[in-house]
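Read off the chains here:
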Amino acid sequence: MAPISDTQIEEVRSRADIVEVIGAHVRLRKAGRNFVGLCPFHNEKTPSFTVNREKGFFHCFGCGAGGTVFNFLMKMEGATFPEAVRSLANRYGVTIAEEARRDPRASADRETMLRAAEVASDFFAHVLWEERAGAPARAYLKKRGIDIESAKTFKLGFAPAGASLAAALSKRRLLEAGARIGLVKVSGSQAADTFYARLMFPIHDAAGRVIAFGGRVLDDRLPKYINSPESPLYSKARNLYGLAQARGAIAKADRAIVVEGYIDAIALAQAGFRETVASLGTALTVEQLRLLGRYTRNVFACFDRDRAGHGASLRAVRTFLEAGMLGRGIFIPQGFDPDTLVKERGAQSFAALIDSAELLVDYFVRSEAAAAGSSVSGRARAAEHVAELLALVNNAFEFDLLTRKAAEMLGVREEVLRAQARKGSPPALRASRETPVQRTAPARDMRTIAELGVLAIAVAYPELREEILASGALSDFEDRALAAVAAELCASGSEPAQALVALRLAPEQQDALSAQMLDPLLDNAESARRMLEECGRALARWRRTREVKGLVAAAAAAGESEATAAAQAIILRRREQAKAAR
Ligand SMILES: [Zn+2]
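Computed from a predicted structure; not experimentally measured.

Before going further, it helps to examine the overall build of the protein chain. Within the protein chain, the secondary structure is distributed over 28 helices and 16 strands. In terms of principal-axis extent, the alpha carbons of the protein chain reach across some 100 × 70 × 45 Å. Here the protein chain holds 582 residues, and the buried ones make up 42% of them.

Okay, structure coming up:
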């Protein structure tokens, strides 16, 4: 994919509310100008994780993690920079122009297909509620206990018999677009509807646009369900049914429930579990979990309490770990599905299942332990399976806790399990786990702090940028790459520059910069200017020291005595001081 332009990245950053984005993952409370909470990147009991909305940065004064809203998503969800930008662009309604620019026709096509899907959705809803043909479907909803409000929230509809949708699309010149997303089949001058005599469930993207449909028969006809095919608008592995309706509730409850069927999702929402989505008839995918990860990390997946459900849950644990989540399993008693359970036994019976939902990893270890029995070879094999799974856990703290618990459950030594799991994980993860679990902020030298201090001032106070350029402080930077970033930034006038630094700096530099951004010294322009002067003086001093050292070394290499070299250095410094005084 083509790179996203800097201005667009900045547009996404300024539209995305950093407090809102982080607030979906961390419980934040207001403290003065900042928001504080418990750091999601290290284990702590008193909050040192700080977010500042105006400055657009977060920083943890415990472990040193920090940066912009993009860095947060990258750390939290394991996203790449472009993925973080796109996910926020999508959420905050910024169109990444690069896609449109690349192929304007593709984008026009997409708009037309979206329009066809919307026309179809309105058409089906009209038939359901306003036409005589919709009567059997209305009766069916009543029988299934789906109330009118829920049906309207999920925009249900009814596809009548005959080629009625084809005619409606044709009238609006959308027949071809409708065919491309599988709503109609066109051959020659004939057009036939794909869905007929079916209750229709529109599938929306996260932004609430219709992208596909599921259709259910009202009787015992087979197949019971048919769904839109994969299309330029729709991929079942990358979407979740009901997400548009549930996303607010998911962020608020800080949890999501995943079921399999449309009706299960609607029934749970109706029973008060509005944070429910359905997986569109596939086993949960990593992409679907990443999608949910924008709103919460606490995902509960429903499984049948039978053999098939057991197998499905064991496969799901791997998917969860690959998506960077732990995940919990809700096991629905035999003979029920979520829909019939809440209807026959009430919402509290489902709430009780949520409360007792086990971590899928624990469930996996427990069933491995049970299957292994007491034989040595059985337990060794179980430990191997568990180690393979633990190798996928990429949060060092979670890895530590899970390994300890698993070793206990399996009755093997923790060190052995730990070593085995490390063998199976990618090198980068392995390295991160060698270090102690409790991270502490890395110590930085004063020069780096001063250089990043100047950069932080330039980000926070556009009005000081010209002054920084004029002061010559940037030529005193030892880190020339950082000096180049600072120069680019200062030359950018008064534009916000958070996105620019997010783009140009290495992750460790982001961590350090965010600490400076949140320093109270930067809370007003006057103390920021004093800080700038101090940094400037220190940087000039260090630069001269470097030059003197360089001269001494060069002189020594040329065979001159150290004394001569030192004398030359003193002369050089005097000359420079005199120049500065003029
Ligand atoms: Zn931290």
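On to the sheet that holds strand β5 (residues 66-67), then. In spatial order, the strands read β1-β2-β3-β4-β5; together these five strands make up an open sheet with antiparallel pairing. Only two strands of the sheet have a single partner each, and these edge strands are β1 (29-31) and β5. Note that strand β4 (residues 57-60) and β5 share two bridges and pair antiparallel. Bridge assignment links Phe-58 to a residue of β5, and that residue is Gly-67.

All right, on to the environment of Ser-14 then. For Ser-14, the location among the structural elements is in helix α1 (residues 6-15). For the pair formed by Ser-14 and Ala-554, sequence separation is 540 residues and the distance between their alpha carbons is 50 Å.

Let us now look at the packing of helix α22 (residues 446-460) against helix α26 (residues 507-517). α26 packs onto α22 with a crossing angle of 65 degrees between their chain directions and a minimal axis gap of 9 Å. Between α22 and α26 lies a crossing whose hand is right-handed. Here Thr-448, Leu-452, Gly-453, Leu-455, Ala-456, Val-459 and Ala-460 of α22 come into contact with α26, specifically with Gln-509, Ala-512, Leu-513, Gln-516 and Met-517. A breakdown of the residues in the contact of α22 with α26 according to their chemical character gives eight nonpolar, four polar and no charged.

Moving on to the packing of helix α17 (residues 360-372) against helix α18 (residues 376-390). It is at 8 Å that the axes of α17 and α18 come closest, and there the two elements cross at 165 degrees. When the interaxial angle is binned, α17 and α18 end up roughly antiparallel. Considering the relative orientation of α17 and α18, their crossing is right-handed. Taken together, the residues of α18 that come into contact with α17 (itself represented by Val-361, Phe-364, Val-365, Glu-368, Ala-369, Ala-371 and Ala-372) are Gly-378, Arg-379, Arg-381, Ala-382, His-385, Val-386 and Leu-389. A breakdown of the residues in the contact of α17 with α18 according to their chemical character gives nine nonpolar, two polar and three charged.

Here we take up the confidence of the model for the protein chain. Summarising the model, the protein chain shows a mean pLDDT of 86, and 92% of its residues fall at 70 or more. Low confidence marks residues 427-440, where pLDDT is under 50. Its contacts with residues over four positions away, or in another chain, come to 15 contacts.

In terms of nonpolar packing, the biggest core is built from 106 residues, with Ala-116, Val-258 and Val-386 touching the most fellow members. When residues in this core are grouped by element, the largest group, nine residues, is from helix α6 (residues 104-130). Not counting the four nearest positions on each side in its chain, Val-386 is found in contact with Val-365, Glu-368, Ala-406, Leu-410 and Leu-417. Core analysis: the next-biggest nonpolar cluster, separate from the first, contains 65 residues, Phe-72, Ala-450, Val-501 and Leu-513 among them.

Our focus in this paragraph is the sheet that holds strand β16 (residues 358-359). Backbone-to-backbone hydrogen bonds pair the strands of a sheet. The strands run either parallel or antiparallel. Read from one edge of the open sheet, five strands run β13-β12-β14-β15-β16, paired in mixed fashion. Strands at the two margins of the open sheet, each flanked by one partner only, are β13 (276-278) and β16. Pairing of strand β12 (residues 256-259) with β13, which is carried by three bridges, proceeds in the parallel orientation. Directly across from Val-258, in β13, lies its bridge partner Val-277. Helix α12 (residues 262-270) rests against β12 and β13 of the sheet, and its axis sits at about 175 degrees to β13. Lying on the sheet, helix α14 (residues 307-322) is in contact with β14 (299-304) and β15 (328-332); it crosses β14 at an angle near 150 degrees.

Before going further, it helps to examine the environment of Lys-185. Turning to its location among the elements, Lys-185 is positioned in strand β7 (residues 184-187). Taking the C-alpha atoms as reference, Lys-185 lies 41 Å from Gly-78; in sequence the two are 107 residues apart. Residue contacts for Lys-185: discarding those within four places in its chain leaves Ala-179, Ala-192 and Thr-194.

Burial along β4 is two-sided: Phe-57 and His-59 facing one way and Phe-58 and Cys-60 facing the other are all buried. Sheet analysis places strand β3 (residues 49-52) next to β4, joined by four bridges and oriented antiparallel. Residue pairing in the sheet places Asn-52 in a bridge with Phe-57 of β4. The hairpin turn running from β3 into β4, its antiparallel successor, is four residues long, and Gly-56 in that turn takes a positive phi close to 75 degrees.

For α26, the tally of buried residues reaches nine of eleven residues, placing the bulk of the element in the interior. Buried within α26 we find Gln-509, Gln-510, Asp-511, Ala-512, Leu-513, Ser-514, Ala-515, Gln-516 and Met-517. Among the structural elements, β4, β5, α3 (69-77), α22 and α25 (498-504) are those in contact with the buried residues of α26.

Thresholds, definitions, all that
Residues numbered from 1 in each chain as written. Predicted model: local features only at pLDDT ≥ 70, side-chain atom pairs only at ≥ 80, totals over all residues. Helix = DSSP H or I, 4+ residues; strand = E, 2+ residues; numbered from the N terminus. Buried ≥ 20, exposed ≤ 12 C-beta atoms within 10 Å, placed from the backbone. Pairing = 2+ DSSP bridges. Axes fitted to C-alpha atoms, helices over the stretch in contact; angles between N-to-C directions. Left-handed = near helix turned anticlockwise from the far one by under 90°. Contact = placed C-beta atoms within 7 Å. Nonpolar A, V, L, I, M, F, W, Y, C, P; charged D, E, K, R; others polar. Parallel < 35°, antiparallel > 145°, perpendicular 65-115°, else oblique. pLDDT = per-residue confidence, 0-100. Core = buried A, V, L, I, M, F, W, Y, C linked by C-beta atoms within 7 Å.

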